[in-house]
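# Analysis of the macromolecular model
Below are the chains, spelled out letter by letter.
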Amino acid sequence: MIFFLLGAILVSFLAERISPFNADWNRNKNDGVRDFFHAVVNHLTMIGFMTAVYYLFDVIKIPTLQVWPRTWPFFVQVMLALLIADALMTFAHYISHRNEFLWRLHSVHHSVKRVYAFNGLMKHPVHKFFEASCGFIPLFLLGMPVWLGFFTGYVAAIHFFLSHANVNMKNRFLSKSLALASVHRFHHLQKRRSAVNYGIMFNFWDMMLGTFHDDPKAVLVTEELGIRDYPDYPDDYLSQMIIPFRGWRSKSE
Ligand SMILES: [Zn+2]
């Protein structure tokens with residue numbers, strides 16, 4: 001599966017060069033090395049999460065409800081898992097904009113100075129673990145097979161590139177239904193509680209919450225991104241790991 005992930009990175013990188021949404025966002029802003037560390041730690045966090053899941057549900061076999069429809073066709077099970085995990089992770093994302101500590105963890109993801117594919121992996125590992133736990137532990141407790149969770153998790157990981165790629169996507173049907181970069185980049189404007197487009201993979205939940213926003217003609221620039229009340233947010237990797245625990249209080253709306 002790691003090869004699918006690397007393939008997604010390569011395809012996103014090429015698409016960003018061929019048809020960029022904002023050409024300036026293809027230029028390195030002293031964030032290349034830092035984002036590489038984010039990508040590696042993000043992936044190691046997921047391996048740690050999957051190892052813990054495997055140990056809990058396949059080795060010591062903690063009790064589950066055993067109501068997952070294991071006999072349904074593989075594709076249907078994957079879609080069901082994606083829909084439920086997406087709803088749970090979208091809700092986790094929504095409350096991460098409202099709870100102070102979760103916001104400090106999530107602010108690492110919002111500190112970007114450009115929106116490009118690698119941003120999909122730019123998350124504090126504690127918040128990544130929180131997001132994955134919210135999305136997938138309930139499914140395992142329902143009795144979903146561990147291998148299906150792993151497969152679905154990788155599909156979600158590949159989608160994180162699509163939801164941040166600096167690509168000028170023109171397909172309005174896909175933009176309306178999937179949380180692609182064409183709508184998710186609006187989420188990275190300088191807003192916190194009043195942010196839009198929280199969806200991780202689909203836009204249904206934002207449409208239900210009234211937080212969906214789309215504007216195909218919008219032109220977004222670097223100055224509109226980031227965290228409004230923390231313009232000097234640290235750029236380096238180690239500082240970004242520490243900053244959620246330093247107790248700053250955001251006033252952003
Ligand atoms: Zn957010």
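Everything here concerns the structure above.
Reference entry: report on the structure contained in this document. (Residues numbered from 1 in each chain as written. Predicted model: local features only at pLDDT ≥ 70, side-chain atom pairs only at ≥ 80, totals over all residues. Heavy atoms only, no water.)

### Focus: the overall build of the protein
Across its full length, the protein carries 10 helices and zero strands. Counting from the amino terminus, the protein carries its helices and strands in the arrangement α-α-α-α-α-α-α-α-α-α. Taken against the 2.2 N^0.38 rule, which gives 18 Å for 253 residues, the C-alpha radius of gyration of the protein at 18 Å falls within 12% of a compact globule. Projecting the C-alpha coordinates of the protein onto the three principal axes gives extents of approximately 50 × 40 × 35 Å. With 253 residues in all, the protein has 49% of them scored as buried. (Helix = DSSP H or I, 4+ residues; strand = E, 2+ residues; numbered from the N terminus. Rg over C-alpha atoms; globule rule 2.2 N^0.38 Å. Buried < 20%, exposed > 50% of the residue type's maximum accessible area, 1.4 Å probe, protein only.)

### Topic: empty space enclosed by the protein
Counting across every chain of the model gives three cavities of 30 Å³ or more. Space inside the largest cavity adds up to approximately 270 Å³. Forming the boundary of the largest cavity are 22 residues, of which Met46, Lys128, Gly153, Tyr154 and Ala157 lie nearest the centre. For the lining of the largest cavity, the per-class residue count stands at 16 nonpolar, four polar and two charged. Space inside the second largest cavity adds up to approximately 80 Å³. (1 Å grid on protein atoms, 1.4 Å probe; cavity = no way out; pocket = protein on both sides within 12 Å on 5 of 7 lines; lining within 4 Å. Points joined across faces, edges and corners; volume = space filled by probe spheres on them. Nonpolar A, V, L, I, M, F, W, Y, C, P; charged D, E, K, R; others polar.)

### Looking at the coordination of the zinc ion
The zinc ion binds to the protein through His93 (NE2), His97 (NE2), His106 (NE2), His110 (NE2) and His187 (NE2); the donor distances cover 2.1 to 2.2 Å. Mapped onto the sequence, the donors of the zinc ion take the spacing H-x3-H-x8-H-x3-H-x76-H. With His106 and His110 both in helix 4 (residues 100–110) and four residues apart, the pair spans about one turn of that helix. We classify His106 as buried; its relative accessible area is 5%. (Donors = N, O, S within 2.8 Å, 3.2 Å for Na, K, Ca; no water.)

### Here's the deal with the packing of helix 3 (residues 74–96) against helix 6 (residues 146–162)
Across the interface, helix 3 lies against helix 6 with an axial gap of 10 Å and an inter-helix angle of 65 degrees. As helix 3 runs across helix 6, the sense of the crossing is right-handed. Residue-level contacts link Phe74, Gln77, Val78, Ala81 and Leu82 of helix 3 to Trp147, Leu148, Phe151, Thr152 and Val155 of helix 6. A breakdown of the residues in the contact of helix 3 with helix 6 according to their chemical character gives eight nonpolar, two polar and no charged. (Axes fitted to C-alpha atoms, helices over the stretch in contact; angles between N-to-C directions. Left-handed = near helix turned anticlockwise from the far one by under 90°. Contact = heavy atoms within 4.5 Å.)

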